[in-house]
Every structure is written in structure tokens, then in C-alpha cells.
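Commentary on secondary and tertiary structure
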Amino acid sequence: EPEVTQTPSHQVTQMGQEVILRCVPISNHLYFYWYRQILGQKVEFLVSFYNNEISEKSEIFDDQFSVERPDGSNFTLKIRSTKLEDSAMYFCASSDSLNPYNEQFFGPGTRLTVL
Amino acid sequence: AQSVAQPEDQVNVAEGNPLTVKCTYSVSGNPYLFWYVQYPNRGLQFLLKYITGDNLVKGSYGFEAEFNKSQTSFHLKKPSALVSDSALYFCAVRDGNNFNKFYFGSGTKLNVKP
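Quick caveat, the model's predicted, so the values are computed rather than measured.

1. Some remarks on the nonpolar core
General note: in soluble globular proteins, nonpolar side chains tend to be found buried as a group. Counting residues in hydrophobic clusters, the biggest one holds 27 residues, and the most contacted among them are Trp35(B), Leu47(B), Leu48(B), Phe74(B), Leu76(B) and Tyr89(B). At the level of secondary structure, the elements contributing two or more residues to this core comprise strand E2 (10-14), strand E3 (19-21), strand E5 (32-38), strand E6 (44-49), strand E8 (64-68), strand E9 (73-78), strand E10 (87-94) and strand E12 (108-113) of chain B. At four residues, the largest contribution of residues to this core is made by E10(B). Residues contacting Leu76(B), with those up to four places away along its chain left out, are Leu19(B), Thr20(B), Val21(B), Trp35(B), Leu47(B), Leu48(B), Phe63(B), Glu64(B), Ala65(B) and Tyr89(B). Counting residues in each nonpolar core, the second largest holds 23 residues, with Val4(A), Ile26(A), Ile60(A) and Leu77(A) among its members.

Here you go:
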């Protein structure tokens, strides 16, 4: 069964450093997403991406965040200058359509720890 | 605005007993409701979804969910719990005005004891 994969599984970084979280969505999917979950809190929507551009972003997704699909398979989330409060689990997801009844498929997550 | 509430942080049940994991929602427009499960070190796995017309929805691994419009609830159920069902369960609602977004509940940890 096709899966969304994410690397690394755990990333530790110093405050102020840049990090790139990587995702490989399911191959025939067209819509890509990033969510995050701060420990003990809800899973929160960050951004959606379609046709090589951001289609929607939340208030959390400020100028320090960016997303990119650098090639035909990867989907990345970059945090330019990490803050302590960016420590969270980051989930990538993909879907094949915007049909509201269709589920999104999630990766296993990357745990980001900012020291 | 869309939101989901899971009132229980944790549910404990003995193997073989029925289980219920509660979820209530608030939406404007049609409710597009989903349940996901997360096992340790794994991503969120889709369990089931509500499609208009079927108040009792059947999903993976013997789980089902009951949609109740008057109570705005979408509780997850299973007639007979297994130890292997122990995991973190998330209820989610899709934004009726923007299908890009899912809103998740805070999650309920299900512990099934032998």
C-alpha cells in the first residue's frame, strides 16, 4: 500500500538555525499539506500546496516558513530561523483530490526539537 | 468556524468489552467528519469517514462511528476491544468552506487491558 514518508524522524537544532523537513507524498497525489502538533496540543493545519503554489495557509505559517516541491517527488517545509516554540511534531499529508469526502494520507511525522 | 472536541484524554477498557471514544463537532455547513488512529512512531492512519445518509459508518479494523446530528456528535465505537487497538485516536472535521483544511481534536489515548 502506498505511504507518505518523512525524513528525518527526529531533528534537533539550535535556536536560530534553519531546518528543512522532507516528505515524499503518494506518487499520484496532487494536493500536499503540512500540519504540526505541539506536545499535548491539537494537530494544527499549517499550509496546503497545489500546482506548485500555496493554496491556503494558517496564521501560524508566517514568513519564517516556506514550502517547496523541488522535484517530482519531494515536498519540503523550511523553517528559516527556528524558535523554541517551533518544537513540535510536523506531519506531511497528501490527497488525490479536493473532494470533501476524501481522506488525507499522513506521514509518520518529524519530531523537531529546538534547543 | 469549524472545531472538534474530544472530551476524554484517555479511555481505559478491558479486552473483549465494547469501547466508545467521544467526539463532538461544530461546523458551518455540511459536516465532513473523519476518524484517524496513530500507533507509536507511525503517521495518522485513516479509519473511517461520515458520508451523508448513513448515520452508522463502518470502517477499518472493526471500528464504526455513529453520527448524531442533533447532538453534533460522531462517536467512535467497537463492539469488542482488542489489546492491539491501544493507540491515539483523533477525530477530524473538514472545513466546509475550504476543503484544504482539516481541524483535529486533541486526541484520545485508548488503553485496552488484557
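Still to come is the rest of the account.
2. Some details on the packing of aromatic side chains
Pairs of aromatic rings are described using the distance from one ring centre to the other and the angle between the two planes. Residue and element names in this part refer to chain B. This structure, assessed with the given rule, holds 22 aromatic pairs over all chains. Aromatic side chains Tyr 36 and Phe 102 sit 6.3 Å apart centroid to centroid with 80° between the ring planes, which places their arrangement in the edge-to-face category. Note that Tyr 36 is positioned in strand E5 and Phe 102 in strand E11 (residues 102-104), a separation of 66 residues in sequence. Overall, Tyr 36 belongs to the buried group, its relative accessible area being 0%. The exposure class assigned to Phe 102 is buried, which follows from its relative accessible area of 1%. Between the aromatic rings of Tyr 36 and Phe 104, the centroid separation amounts to 5.9 Å while the plane-to-plane angle is 55°, which identifies the pairing as tilted.

3. Side note on the state of the cysteines
All told, the structure shown has two disulfides over all chains when counted by the stated rule. A sulfur-sulfur distance of 1.9 Å marks the disulfide that ties Cys23(A) to Cys92(A). Across the disulfide from Cys23(A) to Cys92(A), rotation about the S-S bond amounts to roughly -65°, and the bridge is consequently left-handed. Pair noted here: Cys23(A) is in strand E3 (residues 19-24) and Cys92(A) is in strand E9 (residues 88-95), with a separation of 69 residues, a long-range link. For the pair Cys23(A) and Cys92(A), a shared accessibility class is recorded, and that class is buried. Covalently, Cys23(B) is tied to Cys91(B) through a disulfide, its sulfur atoms 2.0 Å apart. Around the S-S axis, the bridge from Cys23(B) to Cys91(B) shows a dihedral of about -60° and counts as left-handed. In this pair, Cys23(B) is assigned in the loop between E3 and strand E4 (24-26) and Cys91(B) in strand E10, connecting sequence segments 68 residues apart. The exposure classification of Cys23(B) matches that of Cys91(B), with both residues buried.

Rules used throughout
- Residues numbered from 1 in each chain as written.
- Chains lettered and ligands numbered in written order.
- Predicted model: local features only at pLDDT ≥ 70, side-chain atom pairs only at ≥ 80, totals over all residues.
- Heavy atoms only, no water.
- Core = buried A, V, L, I, M, F, W, Y, C linked by side-chain atoms within 4.5 Å.
- Buried < 20%, exposed > 50% of the residue type's maximum accessible area, 1.4 Å probe, protein only.
- Helix = DSSP H or I, 4+ residues; strand = E, 2+ residues; numbered from the N terminus.
- Contact = heavy atoms within 4.5 Å.
- Phe/Tyr/Trp six-rings, centres within 6.5 Å; stacked < 30°, edge-to-face > 60°.
- Disulfide = S-S within 2.5 Å.

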